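Residue strings, one per chain:
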Amino acid sequence: MDDDGRYRDSRSDFIRGAKDIAKVAKKQVGKKVGRGMDKMTDEYTKRSYKRFEEEDDDDDYGGVPSGDGGYYRNDSQANDDEGHSDSTEGHDEDDEIYEGEYQGIPRADSGKAGGMDGVAAAQAQQFRDLSAYEGERRKDQEELAQQYETILQECGHGKFQWTLYFVLGLALMADGVEIFVVGFVLPSAEKDMCLSEPNKGMLGLIVYLGMMVGAFVWGGLADRIGRRQTLLISLSINSVFAFFSSFVQGYSSFLFCRLASGVGIGGSIPIVFSYYSEFLAQEKRGEHLSWLCMFWMIGGIYASAMAWAIIPHYGWSFQMGSAYQFHSWRVFVLVCAFPSVAAISALTTMPESPRFYLENGKHDEAWMILKQVHDTNMRAKGYPERVFSVTTIKTVKQMDELVNMGDGAAWHEKWRHKLTTLFHQVWSNFLTVFSPEYRRTTYMMMAVWFSMSFSYYGLTVWFPDMIKYLQKQEYSSRTKVFVKEKVEHVTFNFTLENQVHRHGEYFNDKFMNLKMKSMVFEDSLFEECYFEDITSSNTFFKNCTFISTLFYNTDLFKYRLINSKLINSTFLHNKEGCLLSDISDENNAYMVYFVSFLGTLAVLPGNIVSALLMDKIGRLRMLAGSSVISCISCFFLSFGNSESAMIALLCLFGGISIASWNALDVLTVELYPSDKRTTAFGFLNALCKLAAVLGISIFTSFVGITKAVPILFASGALAAGSFLALKLPETRGQVLQ
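Residues numbered from 1 in each chain as written. Predicted model: local features only at pLDDT ≥ 70, side-chain atom pairs only at ≥ 80, totals over all residues. Heavy atoms only, no water.

**Quick word on the overall build of the protein chain**
Turning to step 1, where the next piece is worked out: Across its full length, the protein chain holds 22 helices and 16 strands.
Turning to step 2, where the next piece is worked out: When burial is assessed residue by residue, the protein chain has 48% of its 737 residues classed as buried.
Turning to step 3, where the next piece is worked out: Expressed as a percentage of contacts within the protein chain between residues at least 6 apart in sequence, the contacts between residues at least 24 apart total 66%. (Helix = DSSP H or I, 4+ residues; strand = E, 2+ residues; numbered from the N terminus. Buried < 20%, exposed > 50% of the residue type's maximum accessible area, 1.4 Å probe, protein only. Contact = heavy atoms within 4.5 Å.)

**As for a nonpolar patch on the surface**
Turning to step 1, where the next piece is worked out: A cluster of nonpolar residues, Val213, Phe216, Val217, Phe423, Trp427 and Leu431, forms a patch on the protein surface that exposes about 540 Å² of accessible area.
Turning to step 2, where the next piece is worked out: Relative to the helices and strands, valine 217 is located in helix α5 (residues 197–225).
Turning to step 3, where the next piece is worked out: The class for valine 217 is partly exposed, based on a relative accessible area of 35%. (Patch = residues over 30% accessible without salt bridge, like charges linked within 9 Å, V, L, I, M, F, W, Y side chains within 5 Å. Areas by Shrake-Rupley, 256 points an atom, 1.4 Å probe, with all protein chains shown as cover. Salt bridge = Lys/Arg side-chain N within 4 Å of Asp/Glu carboxyl O.)

**Quick notes on the side chain of serine 633**
Turning to step 1, where the next piece is worked out: On the secondary structure map, serine 633 appears in helix α19 (residues 619–634).
Turning to step 2, where the next piece is worked out: You can call serine 633 buried: its relative accessible area is 6%.
Turning to step 3, where the next piece is worked out: A polar side-chain atom of serine 633 sits 2.6 Å from the main-chain carbonyl oxygen of serine 630.
Turning to step 4, where the next piece is worked out: In this structure serine 633 touches Leu652, Phe653 and Ile656, once residues within four positions along its chain are discounted. (Polar contact = N/O pair within 3.5 Å; in protein donor to acceptor, adjacent residues only side chain to side chain.)

**Quick word on the pairing of strand β8 (residues 510–522)**
Turning to step 1, where the next piece is worked out: Inspection of the sheet shows strand β5 (residues 491–492) paired to β8 by two bridges, in the parallel sense. Among the inter-strand pairings, phenylalanine 492 is bridged to a residue of β8, identified as phenylalanine 511.
Turning to step 2, where the next piece is worked out: Across six bridges, the pairing between strand β6 (residues 496–502) and β8 is parallel. Among the inter-strand pairings, arginine 502 is bridged to a residue of β8, identified as glutamate 522.
Turning to step 3, where the next piece is worked out: Where β8 lies against strand β10 (residues 530–537), seven bridges are found, and the strand directions are parallel. Counted as the bridge partner of leucine 514 is isoleucine 534 from β10.
Turning to step 4, where the next piece is worked out: The pairing of β8 with strand β11 (residues 540–542) spans three bridges and is parallel. From the neighbouring strand, glutamate 522 faces β11, where its bridge partner is lysine 542. (Pairing = 2+ DSSP bridges.)

**With respect to the packing of aromatic side chains**
Turning to step 1, where the next piece is worked out: For the structure shown, the criterion picks out 51 aromatic pairs.
Turning to step 2, where the next piece is worked out: Seen from their ring centres, tyrosine 438 and tyrosine 672 are 6.2 Å apart, and the 35° between their planes marks the pair as tilted. Note that tyrosine 438 is positioned in the loop between α15 (411–432) and α16 (439–476) and tyrosine 672 in the loop between α20 (643–671) and α21 (677–700), a separation of 234 residues in sequence.
Turning to step 3, where the next piece is worked out: According to the relative accessible area criterion, tyrosine 672 is buried, its value standing at 0%.
Turning to step 4, where the next piece is worked out: Ring geometry for phenylalanine 526 versus phenylalanine 541: centroids 5.7 Å apart, planes at 75°, classification edge-to-face. Linking phenylalanine 526 in strand β9 (residues 525–527) with phenylalanine 541 in strand β11, this pair joins segments that are 15 residues apart in sequence.
Turning to step 5, where the next piece is worked out: Aromatic ring contacts, followed pair by pair, group Phe492, Phe494, Tyr506, Phe511, Phe521, Phe526, Phe531, Phe541, Phe546, Phe551 and Phe571 into a single cluster. (Phe/Tyr/Trp six-rings, centres within 6.5 Å; stacked < 30°, edge-to-face > 60°.)

**Comments concerning the pattern of salt bridges**
Turning to step 1, where the next piece is worked out: Applying the stated criterion across every chain, the model contains 12 salt bridges.
Turning to step 2, where the next piece is worked out: Taking the shortest distance from any N to any O, the salt bridge between glutamate 278 and arginine 677 comes out at 2.8 Å. Here the residue glutamate 278 occupies a position in the loop between α8 (268–277) and α9 (282–292), and arginine 677 occupies one in helix α21, the gap between them amounting to 399 residues.
Turning to step 3, where the next piece is worked out: Put simply, aspartate 375 and lysine 371 hold a salt bridge, and the shortest N to O gap is 2.8 Å. Residue aspartate 375 and its partner lysine 371 are located together in helix α14 (residues 363–380), separated by four residues, close to a single helical turn.
Turning to step 4, where the next piece is worked out: Exposure remark for aspartate 375: the relative accessible area of 15% places this residue in the buried category.
Turning to step 5, where the next piece is worked out: A cluster of three or more residues bridged by salt bridges with shared partners is formed by Glu149, Arg285, Asp615, Arg619 and Glu670.

**Looking at the nonpolar core**
Turning to step 1, where the next piece is worked out: Core analysis: the biggest nonpolar cluster contains 150 residues, and Leu168, Leu231, Phe273, Leu292, Phe332, Met445 and Trp661 have the highest contact counts within it.
Turning to step 2, where the next piece is worked out: At 18 residues, helix α4 (residues 159–192) tops the list of elements feeding residues into this core.
Turning to step 3, where the next piece is worked out: In contact with leucine 231, not counting residues within four places along its chain, are Leu168, Ala171, Gly267, Ser268, Ile271, Val272, Tyr275 and Leu347.
Turning to step 4, where the next piece is worked out: With 19 residues, the next largest nonpolar core counts Cys544, Phe546, Leu556 and Leu561 among its residues. (Core = buried A, V, L, I, M, F, W, Y, C linked by side-chain atoms within 4.5 Å.)

**Some details on the packing of helix α6 (residues 227–245) against α8**
Turning to step 1, where the next piece is worked out: Taken N-terminus to C-terminus, the directions of α6 and α8 make an angle of 150°; their axes are 10 Å apart at the nearest point. Of the possible angle classes, the one that applies to α6 and α8 is roughly antiparallel. For the pair α6 and α8, the crossing hand works out as left-handed. Residues Arg227, Arg228, Thr230 and Leu231 of α6 lie in contact with α8, whose contacting residues are Ser268, Ile271, Val272 and Tyr275.
Turning to step 2, where the next piece is worked out: Taken together, the residues of the contact of α6 with α8 break down into four nonpolar, two polar and two charged. (Axes fitted to C-alpha atoms, helices over the stretch in contact; angles between N-to-C directions. Parallel < 35°, antiparallel > 145°, perpendicular 65-115°, else oblique. Left-handed = near helix turned anticlockwise from the far one by under 90°. Nonpolar A, V, L, I, M, F, W, Y, C, P; charged D, E, K, R; others polar.)

**A look at the sheet that holds strand β15 (residues 565–567)**
Turning to step 1, where the next piece is worked out: An order of β4-β7-β9-β12-β15 is seen for the five strands of this open sheet, with the pairing classed as parallel. At either margin of the open sheet sits one strand with a lone partner, and together these are β4 (486–488) and β15. Here the average twist between neighbouring strands, direction ignored, is 5°.
Turning to step 2, where the next piece is worked out: Pairing geometry for strand β12 (residues 545–547) and β15, over three bridges, is parallel. What sits directly across from threonine 545, in β15, is lysine 565.

**What about the packing of α5 against α15?**
Turning to step 1, where the next piece is worked out: Between α5 and α15, whose axes approach to 9 Å, the crossing angle comes to 105°. In terms of their interaxial angle, α5 and α15 are classed as roughly perpendicular. Here α5 contributes Phe216, Gly220, Leu221, Asp223, Arg224 and Ile225 to the contact with α15, which in turn contributes Leu422, Gln425, Val426, Trp427, Asn429 and Phe430.
Turning to step 2, where the next piece is worked out: Partitioning the contact of α5 with α15 into residue classes produces seven nonpolar, three polar and two charged.

**Some details on the environment of glycine 361**
Turning to step 1, where the next piece is worked out: Relative to the helices and strands, glycine 361 resides in the loop between α13 (354–359) and α14.
Turning to step 2, where the next piece is worked out: Sequence-wise, glycine 361 and threonine 395 are 34 residues apart; in three dimensions their C-alpha atoms are separated by 5.3 Å.

**Description of the pairing of strand β13 (residues 550–554)**
Across a regular strand the side chains alternate sides, sitting on one face of the sheet and then on the other.
Turning to step 1, where the next piece is worked out: The sheet contact formed by β10 and β13 spans four bridges and is parallel. Each residue of the ladder has a partner; that of phenylalanine 531, found in β13, is phenylalanine 551.
Turning to step 2, where the next piece is worked out: Relative to strand β16 (residues 570–572), β13 is paired through three bridges, and the arrangement is parallel. Bridge assignment links phenylalanine 551 to a residue of β16, and that residue is phenylalanine 571.

**Considerations on the confidence of the model for the protein chain**
Turning to step 1, where the next piece is worked out: Chain-level pLDDT for the protein chain is 76 on average; 74% of the residues reach the 70-or-more range.
Turning to step 2, where the next piece is worked out: Note on residues 36–116: pLDDT is under 50 here. Beyond four places in sequence and across chains, it has 113 contacts.
Turning to step 3, where the next piece is worked out: Across residues 580–586, confidence stays below pLDDT 50; counting only partners more than four residues off in sequence or on other chains, it has 19 contacts. (pLDDT = per-residue confidence, 0-100.)

**So, the environment of tryptophan 291**
Turning to step 1, where the next piece is worked out: Its location among the elements puts tryptophan 291 in helix α9.
Turning to step 2, where the next piece is worked out: The class of tryptophan 291 is buried, set by a relative accessible area of 18%.
Turning to step 3, where the next piece is worked out: Remark: the alpha-carbon pair of tryptophan 291 and serine 610, spanning 319 residues in sequence, is separated by 8.6 Å.
Turning to step 4, where the next piece is worked out: Excluding residues that lie within four positions of it along the chain, tryptophan 291 makes contacts with Tyr165, Ile608, Ala611 and Leu612.

**Considering α8**
Turning to step 1, where the next piece is worked out: Counting buried positions along α8 gives 10 out of 10 residues, so the element sits mostly inside the fold.
Turning to step 2, where the next piece is worked out: By the burial criterion, the buried members of α8 are Ser268, Ile269, Pro270, Ile271, Val272, Phe273, Ser274, Tyr275, Tyr276 and Ser277.

Put into structure tokens, the structure is as follows:
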């Protein structure tokens, strides 16, 4: 019995010892797994920085300067050294509570029901963790916004900002040029490419469609891959296709090149304003963003001046047979690509936005750029001894990263995965613009952008068309009419212009080496006549009869002979190419360029006023007030019954409405946080181009019919925009979100 008792006691001790060993082993394994998870989490999420070196009482962000004057980040080293994970924090080594209980993981002996409950608990815990993580990220962004504003105050405003101002101004100037290019070249390009009226209309709208796509795409990418890099890519696309469009011959290829060029330049406005705003302190932001808008005006002036100087010089051309022609308007298209090329060259010398780096967890890169801004400004102001006192800066926790597939995957698989991931990230960022937090602001901004663009672009295109219509009306009033004239054995070798001949008879007459402009022959007879070396525009023969008549080296193709009869008549060596179907002379071309030049120059006073008052009266008052005055100025259009009156009204409207655009650009930049700024701006700018296409299409359809409908539409849209603008939050005096 004694042996049996000792045997049972020893056996019990052995079993208890084995259980203790198993429990300790299981606990150690759990701790190792917990530490591994902590390290993985810390690698992407834990960022502990102190804001300034003197703020030593902030225990949450303890950045420690290194010996060489730099800095490093404390990635929860204390937790790793202590040897326990967050899930078991506060428990002793001998605590009997199951290691994974706080994570919702059931015990091995809990059974199937317990397993299901554990999965549900784990999912609930995951949602709670995500919500808490987003809360921490939001807190990081708020702290970063306050600290970043303080850092910009220390960096000052000086040489660096002004250098960036001119660099980004070139990109904005390229956008202004793009708007005018097609309109200026159409009168000449339609002859080279045989454009019909529908084709001319499509070419006029294709730039807006390209810019609409470009604004949306590049705006979304700029929040993911960086402002500077995205702007360089978009400007490069614009430059390349603008260059090609100068040399391509066919209509389809020219249309495609202008579309791609518009896609490239579409990213300039949303990126430029967001990029520049992130280098400006709060008290300078509104004013200097308004000054930046002046480069759009400079782009319009540049395009008008170059068109005026180049296009009418038809001698600036060469051709290689009949297959390739390079006329003066192509030189103008080439020259218009210069601002974009200059912007690319200058932008390569500028850094990325430090705010973008901080939003994406790149502390070191952001610190170096901010130090560069500080040192550049201090040296320019005569204080080279001043030291950049910021040692570490708050960064924002990251939600996701591009996944590295390792070295085993093929290069195309890696790129496909990266592009797919990038697309999902951009789309997800776009959807957050319509999240409950920003939904009301986004819808209000959409309405204001749409109303402003619909009225502004609709009227600015309607003005020149109305001027052309008034010119035609005035030209038609001077038309000379000849009825039942009989002309025999006469040689016409001088210009025939703006005449109508009805029921005339022409026998053995010669029309040689002359131009026919706006000539119409109706119900007339031409017998044994001779036409040689004729150049015509807007000239037609209606219901005429040609007997034994020879056409040699003329552009009087059969489509100019409407319902006419040809008896024993011959066409020899017809002139190749297409012809202008309307009045086209140098004086008219100069007038078009001059009107555009004046209209663009007229916005200068509005730019100056908005820049000086933007930070004094606020964005909303500037936007609403300018919209109301623009709405009132629309009613004066009813009194514009002459060419000079329409030009004056065009200048008045442009000078007033530019203040609204400046305020709207500043407001859009300040209403959205940095990680969504260019995405939201790009979407709103794309909506702006869509509204422009609708406004142009609707307004121009009423040219020559009535003025009341365009004026009513424009006034109503501006009134609605000014009312909705007052419902937006004022951003003056606030830090950049």
